[in-house]
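# Structural overview for review
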Amino acid sequence: MRAAMTRRQRSVDVVVVGAGPAGLAAARGLAGHGVGVVEVLEREAVAGGVPRHCHHRGFGRWGVTGPQYAARVVEAALGSGARVRTGVTATGWAGPLTLETTGPHGLERIAARAVVLATGARERPRSARLVPGTRPAGVLTTGELQQAVHLYGQRVGTRAVVVGAEPVGYAALSALRRAGVTVAALTTEEPRHQLGLAWAAAARLGHGVPVLTGATVAELLGGGRVSGVRLRHRDGRLTTVDCDTVVFTGDFVPDHELARRGGVALDPGTRGPAVDGAFRTGAEGVFAVGNVLHAVEPALWAAREGALAADAVRGFLDGSGPAAGGPAIEVAAPLRWVAPNRAVPQVPVEGFVLRTSEALTRPVLVVTQDGRRLHRQYVPRRALPHRTLRLAGRWTGKVDAAGGPVRITVSGLGGGIFGAAAK
Amino acid sequence: MTVTTKGPLSPRGQMSSRPYDVAVVGAGVVGAAIARELARHPHLRIALVEASGDVGDGTSKANTAILHTGFDAVPGSLESRLVGEGQRLLAAYAAESGIPVEPVGALLVAWDDAQLDALPGLLEKAGRNGYGAARIIDADETRAREPHLGPGALGALDVPGESIICPWTTTLAYATQAVRSGVDLHLNTRVETVSPEGGDHLLATSRGALRARFLVNAAGLNADVLDRLVLGRGDFTVTPRRGQLIVFDELARDLVRHILLPVPTALGKGVLVAPTVYGNVLLGPTAEDLDDKAATGTTADGLDGLLSKGRRILPALVDEEVTAVYAGLRAATEHDDYRIRCHEERRYVTVGGIRSTGLTASMAIAAYVAGLIAEADPGLDLKEPVEPAPVHMPNLGEAFPRPYQRADLIATDPAYGTIVCHCERVTRGEIRDALISTIPPASLEGLRRRTRARGGRCQGFYCGAAVRALHEGRGE
Ligand SMILES: Cc1cc2nc3c(=O)[nH]c(=O)nc-3n(C[C@H](O)[C@H](O)[C@H](O)COP(=O)(O)OP(=O)(O)OC[C@H]3O[C@@H](n4cnc5c(N)ncnc54)[C@H](O)[C@@H]3O)c2cc1C
Ligand SMILES: Cc1cc2nc3c(=O)[nH]c(=O)nc-3n(C[C@H](O)[C@H](O)[C@H](O)COP(=O)(O)OP(=O)(O)OC[C@H]3O[C@@H](n4cnc5c(N)ncnc54)[C@H](O)[C@@H]3O)c2cc1C
């Protein structure tokens, strides 16, 4: 093929795909420890990942704004000696550890000794949520909204409905405010919002925004431009909220295309690559970090994974890493997923992140393997859907590498399920 | 080259200027094909008049994108003939114009005894429609050819000639070639009334008056309304039949190899699963008779129904992410065939009832209509058509190299190596080209149909604002 012949062939030590907090932290941990040529590929014109367009505060240890945080992680990666190439997309694989790329300078085929996937996560748009109705303009996700407002200074609309009251809904609220858009309502299907008390209060009081819980978007209305949303309330009642803008927030899904195209096995719960505590995927030499593993956690967590993965990649490159392969870690309802989701006894895990599909009051998490209890942990607070639930990692040494799957369940002790009717 | 989008059609004082020889109302795939066909007579002054701000913005943008063989048409009908001819004409035209087509073939999968029993009749009908390549295959062969089918497939009718095509590029190619050959395309121009004036048609439109010697009605869902405006009576009524569809992620493409058509039985038509030339998988359509010709919305019931049928046909499909949902309206009438009528004394042709095969039949319909006009109005002198200069459309299909994969193109212009829409891998060069093309897009939706930008799984999460900026800055 003509196109194939004109691909420039190159070799590096490690390729990191994605210059968000996770990928940049991985690159820094590799280049900073003398791992030869570390190249980060970033398809956007500017490195930094999602924080680039999150102008609100709350990033990193000091709670700086997204762009400030992004600038810091980019600088740290560059300072370590990693190469960060923007405007370059990894489009697919030419072999197990060989990526094909497209950029303004042409096509390349880059062979590496290890590959780190840090491709992040996106919000599900209206279509993927199967919201019925017309297909009007003015319907967007927080990601698009933030870029429109903060990166391009585009006009957005005059009156918006924000769907989903996860914390990211607050980011949407603040971008809308910046754009001078009135927020008609924040709606969520959940029986209660998940903004956190302070944010909810800010939404209601500071912005005068009504928070409608237990409301599903039944239909989008409007011809050329959206004219309103029809909401179905828990009692079956239908109401219409007029608006010219609808922002669908949250409902994140990993950007796993490159992983799947490379035959990297996914975890059925997260739909991201299945990894062990060393961030090793099922494909030898391919690692994955950040929100592609779990959609989504804060940037600091993603960056921490990047740094830990760098150690693991170095172990792999010098042959000192533990053997791979171990049982899957599964969760039982109402838990939805856990990451990492492969257990290798020799690999310590700092901590696991989980999600529940129902609110749980002070749940007790129980870890078993083949009927044997490995760990039991009391969570001294309420666990909410779409919010991080953490589990300690110290039990992984007890896993039988040759045993059956490890299971995480919620024991009824200490709380039970927080029903929709409560409060 | 004339494409107008605003302002009066005939500035004051110019009403006495020469009227158009032919006005075609409706720039869907059918009207655009007719305009292109008539443009092969360079001495004609032709207007293509469209209510919307873009060509192909009605039913022609929202179908299942199959280039049919016509194997299951009503034998002996006009539709059967024009679908068969149109398929050959369009396949050849697509190859020379760069319209993506993939000859994937179709399987009509039988899921119960009634459907299995219907296959021999369908095979025989295919023969009567002049299609000889179909054959019945057993359950084992069916499964071998579609390994991801759900349990219970009993056999299938194999129709190797069915293909998938890009409907957006098709309409755009016709309209582009027509405009480049001298047709005046008037967008945002809704025909409101038609009256006779001095032997011509006087069209009162939302942008003022337009005169034409001969009138072609290709108004799709509105063809019956326009018919009544011209004739004072109508001989058919359009009942919109809605088809809702779900588009699945490109990562689902490997689950299906053929177009999986339902077996029509007395109990109604099922839904199909088909790959698209963009690498997605379609599930649908529903069939709902409505009154409202603007009801292109989707419904919860419609989508639920599709998912439950899809789960039976290809269980793994419904676990994949959904990229888009949409609905199109078929221009169904009380008749079983196309309603193409020439009213010679009025110098008027109606092209009505082009329900569910109009994309495939478009070029044959156009040739047929040109024949009717030639006969009805010898004064227009349609005897010797010339070949128009060929068009080369930007490739939107996955089966052919796209700019982001072409080192040669990127070497000449780095904009083709600058990916803006990441999910669909659309480059800045392609977006710029679309914005300065013969018929530039009026909206982001129009840009999507020309480039695929914003049409992928993220629906703008990553690139929406960037694409909008390029659109508003016209590519700069
Ligand atoms: C609206 C919103 C608000 C948020 N608010 C906060 C907050 O207040 N505090 C906080 O801590 N966190 C917040 N987060 C989460 C935070 O942004 C993420 O945790 C962090 O960005 C995850 O980093 P990452 O590196 O995994 O992914 P990302 O930041 O998503 O980076 C992935 C990168 O990979 C690139 N990429 C993907 N595929 C390819 C490819 N094939 N080739 C080349 N490059 C590719 C992408 O372009 C992207 O730059 C917020 C997120 C959102 C969406
Ligand atoms: C769900 C579905 C699936 C289908 N699948 C296939 C398939 O797989 N293969 C296939 O070959 N066909 C298929 N079809 C059929 C095909 O899409 C149609 O036959 C074809 O698009 C009809 O084209 P048209 O130009 O007649 O109509 P339209 O595309 O509707 O064009 C008519 C145009 O006329 C304009 N107009 C109307 N009134 C006025 C006025 N007063 N003044 C000015 N302009 C006016 C409208 O704005 C419109 O743009 C399908 C249809 C549907 C709905």
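Residues numbered from 1 in each chain as written. Chains lettered and ligands numbered in written order. Predicted model: local features only at pLDDT ≥ 70, side-chain atom pairs only at ≥ 80, totals over all residues. Heavy atoms only, no water.

Per an unreviewed UniProt entry, chain B is named FAD-dependent oxidoreductase, and its organism is Streptomyces sp. NBC_00119.

Attention now goes to the interface of chain A and chain B. With 44 residues of chain A in contact, the opposing surface of chain B contributes 45 residues. Both sides of the chain A and chain B interface together cover about 3,800 Å² of buried area, and 50% of this is carbon and sulfur. Remark: the boundary between chain A and chain B carries five salt bridges. Of the charged contacts in the structure, one is a salt bridge between Arg260(A) and Glu320(B), with a shortest N-O distance of 2.9 Å. The tally of links from chain A across to chain B stands at 15 residue pairs in polar contact (both at pLDDT 80 or more). Residue assignment for the side of chain A that touches chain B shows that the elements contributing at least two residues are helix 1 (2–5), strand 7 (89–95), strand 8 (98–103), strand 9 (106–111), strand 11 (121–123), helix 4 (142–151) and helix 7 (257–261) of chain A. (Contact = heavy atoms within 4.5 Å. Buried area = accessible area lost by both parts, 1.4 Å probe. Salt bridge = Lys/Arg side-chain N within 4 Å of Asp/Glu carboxyl O. Polar contact = N/O pair within 3.5 Å; in protein donor to acceptor, adjacent residues only side chain to side chain. Helix = DSSP H or I, 4+ residues; strand = E, 2+ residues; numbered from the N terminus.)

Residues and elements named next belong to chain A. The environment of ligand 1 is formed by 34 residues, the closest being Glu42, Gly58, Asn291, Glu297 and Ala299. At a separation of 3.2 Å, an oxygen atom of ligand 1 approaches a polar backbone atom of Pro21. Ala299 places a main-chain nitrogen or oxygen 2.9 Å from an oxygen atom of ligand 1. For ligand 1, whose unbound accessible area comes to 990 Å², protein coverage reaches 92%. Counting residues per element, the ones that place at least two in the shell around ligand 1 are helix 2 (21–31), strand 3 (38–42), strand 4 (57–59), strand 7, helix 4, helix 5 (167–178) and helix 8 (299–317). (Near = heavy atom within 4 Å. Areas by Shrake-Rupley, 256 points an atom, 1.4 Å probe, with all protein chains shown as cover.)

Residues annotated in UniProt with the feature "domain: BFD-like [2Fe-2S]-binding" (unreviewed entry) correspond here to residues 419–470 of chain B. For the annotated span residues 419–470 of chain B, helix accounts for 44% and strand for 10% of the residues, and the straight-line distance between the end C-alpha atoms is 13 Å. (UniProt positions renumbered as here; feature names shortened; annotations may be inferred.)

Judged by nonpolar contacts, the single largest core of 61 residues is most densely connected at Val14(A), Val15(A), Val38(A), Val116(A), Leu117(A) and Val313(A). The element contributing the most residues to this core is helix 8 of chain A, with eight residues. Once you skip the residues sitting within four places of it in the chain, Val38(A) turns out to touch Val14(A), Val16(A), Ala27(A), Leu30(A), Ala31(A), Ala82(A) and Arg83(A). Among the nonpolar cores identified, the runner-up in size contains 58 residues, and Leu48(B), Tyr93(B), Leu380(B) and Met393(B) belong to it. (Core = buried A, V, L, I, M, F, W, Y, C linked by side-chain atoms within 4.5 Å. Buried < 20%, exposed > 50% of the residue type's maximum accessible area, 1.4 Å probe, protein only.)

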